[in-house]
Amino acid sequence: MYNGVRRVQISSGSGQQSQARRGNEEALSDDAFRSLSRPDSQRQTARSDGVWSEITENRKLEPKPTGRGAHNTADWDWADTHLEAAAESRRQQSPDDSVEGGSGDDLQARETSNDLHSRQERREEDRFTRSDRPERKEKRQGRPRQRQYEDDEDGDVDLESIKERRRRKAERKAEKERARLAALESAGPVPILLPEFISVNNLAVALGVKPKIFIQQMMELGFEDVTSDSILTGETAAIIAEEYGFEPTVEEGEGRDLKPAPPPEDPSSLPSRPPVVTIMGHVDHGKTTLLDYLRKSSVAAGEHGGITQHIGAFSVKLSSGKPITFLDTPGHAAFTAMRQRGANVTDIAILVVAADDSVKPQTIEALKHARAAKVPIIVAITKVDKPGANVDKVKSDLAAQGVEIEDYGGDVQVVGVSGKTGQGMEDLEENILLLADILDIRAETDGMAEGWVLESSIKPYGRVATILVKRGTLRVGDWIVAGTVSARVRVLRNEAGGEVDEAPPGTAIEVLGWKDPPNAGDQVLQAPSKDKADDAVTYRLEQRDREEAVAQMAEHEQQKRERERERLAAEAAEAAGEEVETPEDDGPKFVNFTVKGDVHGSVEAVCNAVQEIGNNEVRPKILMSSPGQITESDVDHAAVSGSCIINFNTPVSGHIKRLAMNAKVRILDQNIIYHMAEEVKDVLSELLPPSISQKVVGEAEILQVFSINIKGRVYKNIAGCRIRNGQITRSSTVRVLRGDQEIFTGPVETLKQGKKAVSEVKKGAECGVSFLEWEDFQQGDQIQVVEEVVTKRRLQ
């Protein structure tokens, strides 16, 4: 600080002024500079008016205001007192030197010091004058410990008083705690609201217990392997809360989630709605052709491979003028989920069986779905106009599967029809309307709309979903929730592509406005507002995350128990002195796939078909699946993960093909599901190890053993053989058999006829043979010449 002051003074003013200032500074006492060297808060009370005026005059600066208006000079500083005392002591010790031998600068310094002394005296008097002010008294009283130490001149501390204060403080704290506990006991159990799932750490915080102590207490209650991240169900958390004196209530989320409205008390008062009829059966049994005749259209002509691979929803007005909603389900084995969804949302099921093919596996499966959904069945025997049709065999096969048809005394109607000629179609329409009248299908047209998602996809104009409305009326602008996705209905389209304003009950409609495509089979519920829809989606996402966390923890615990059992078994075997051999089983190899398709149902079916392919050596693994066309991000993800992209029934643009080629990503592009399954088998078969077998191509017998001298005293045995079948070559691999036991397998080292080395010896000839690093053969041993055959394997 002193050097800094000097630099400021030297850098300002002329040389003469600087010399004068240096003289003044040398004349100033060390005490004055020490007071100037302190921070501003201390220097304001330590500097004097004279010293400050002298320095500022020499610096050519305006003097700073002094006194009470600028600084609080009444504040007493103990450092100033000691500094003045030291200066006074030095003056008393050398009074003559300070008067007689001083120079002009010394006299000026002494005058400055005297001014500082007189100013300090005024401050002392001012301090005693203002010491009785109330604000100063309050400030002093606010620091009892400092006052105690200042008053205690000897520095002794009253430990007894401190202990007494601490004891009284502890007594007051204990008294407050006893009062709090008494208030809790008098008030009874404290109510607490618990969610459906809660972690151990959050439950400890809610109960007011430290997590570590809470985990220890849970272990004392019988819980095992508990961590702070363990997830507890609401019921388990409620039992634990009761142990801590709480009155728990488990929140079931009824207020946040959307629920369907209860069934009406008097359905007969409601208006009737069109029946929903689902057509089910085996592949290529004529389901779509039957529906085409009813619709007076040709859907089957535009289907790939002549098979249905989507759920088709159509509203058809029959010749009587009554509307019926038909659902056409796929018959291929891979579309089980689609058939099950169709059976769950339908009112009537039409079981289609071909007269020339009778009952097939998917026919039986469709029959099981209809029975599980408890819907009435009408059997339509198609292709009755074909030459090989056998209607009686179909009826007997159905009766064998437990179908009680009318001809055999049951109540299931059977109609023989032909989708080509229209034979029996009027009888089928009559039976459908008769059964619908018997069921008396009704639904309210007002209130919140309810329905089911039949299909969802991503189309060029947005994310769409086909919805079957079962109750209420769906209108443009309504907010709906399906699974964990919400949407504001922007456009409603019928099966012909025309826009409509509303969809009454029993109508299949295409809805646009989804944030993400919903899953096929999800229930659709209308929400009263956007906030309610968002709250329901948030609640469902939270519940899904909790369930996944619980499942992962259960799987982790299972793996942990299995590892513990293996460890204990290994320790037991080691204690018994047995050698534990760890089997070298790397498990199956996995091939990654990314599945893209036209609609959600197709993607689901493709994923199911792919996952059924494979064996214990190689298996598929689906990393991503979604409806829509292949995007650049899909190609990038496949390149990083080493995946193959399965593209089902969607176009692939040219730049995507080039991007995939540059990234060495394989795209399996198909529009028929069983062709796609064959390509997946080819990809998986590439990782199968080849099948290696051994084929005997020659046989020989050792007639005599010769011992020849190689060099010095080194001898080697040579087998004199006769070739009985095939041939033996110099590069052959042979097996030597002694009786039924194989004693050697290895290559031939030398092959000679006489003294001439030969490359091969055929049937009937004799030769001398030596084997690589083996001579322990005997007369009568049999030699088999084997050849390894490598066969490429393929999944079946």
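Predicted, not measured: the structure shown is a model, and the values here were computed from it. (Residues numbered from 1 in each chain as written. Predicted model: local features only at pLDDT ≥ 70, side-chain atom pairs only at ≥ 80, totals over all residues. Heavy atoms only, no water.)

Draft legend 1. Structural detail: the packing of aromatic side chains. All told, the structure shown has 6 aromatic pairs when counted by the stated rule. These aromatic residues form a ring-pair network of at least three members: F744, F771, W774 and F777. The lysine or arginine in question, R493, covers the ring of Y461, its NZ or CZ lying 4.7 Å from the ring centre. (Phe/Tyr/Trp six-rings, centres within 6.5 Å; stacked < 30°, edge-to-face > 60°. Lys NZ or Arg CZ within 6 Å of the ring centre and 35° of its normal.)

Draft legend 2. Fine view of the side chain of R471. Topologically, R471 is positioned in strand 12 (residues 462-471). Note on R471: relative accessible area 16%, which makes it buried. Of the polar contacts made by the side chain of R471, one reaches the backbone oxygen of P262; its length is 3.2 Å. Here E444 takes part through its side chain, which lies 2.5 Å from a polar atom of the side chain of R471. Those residues in contact with R471, other than ones at most four positions away along the chain, are A261, P262, P263, P264, E444, M448, A449, E450 and P505. (Helix = DSSP H or I, 4+ residues; strand = E, 2+ residues; numbered from the N terminus. Buried < 20%, exposed > 50% of the residue type's maximum accessible area, 1.4 Å probe, protein only. Polar contact = N/O pair within 3.5 Å; in protein donor to acceptor, adjacent residues only side chain to side chain. Contact = heavy atoms within 4.5 Å.)

Draft legend 3. Spatial organisation of the pairing of strand 9 (residues 377-382). Burial runs high along strand 9: 6 of the 6 residues are buried. Of the two faces of strand 9, the one holding I377, V379 and I381 and the one holding I378, A380 and T382 are both buried throughout. Pairing between strand 8 (residues 348-354) and strand 9: 6 bridges, direction parallel. If you follow A349 over to strand 9, its bridge partner there is I377. Handedness of the crossover joining strand 8 and strand 9 through helix 17 (residues 361-373) is recorded here as right-handed. (Pairing = 2+ DSSP bridges. Right-handed = clockwise from strand over helix to strand, strands pointing away.)

Draft legend 4. Focus on a nonpolar patch on the surface. Residues F706, I708, I710 and V714 make up a contiguous nonpolar surface patch of roughly 330 Å² in combined accessible area. The greatest single-element share of the nonpolar patch, amounting to 3 residues, is contributed by strand 24 (residues 691-711). Mapped onto the secondary structure, V714 falls in strand 25 (residues 714-729). (Patch = residues over 30% accessible without salt bridge, like charges linked within 9 Å, V, L, I, M, F, W, Y side chains within 5 Å. Areas by Shrake-Rupley, 256 points an atom, 1.4 Å probe, with all protein chains shown as cover. Salt bridge = Lys/Arg side-chain N within 4 Å of Asp/Glu carboxyl O.)

Honestly, it's all geometry; don't read function into it.
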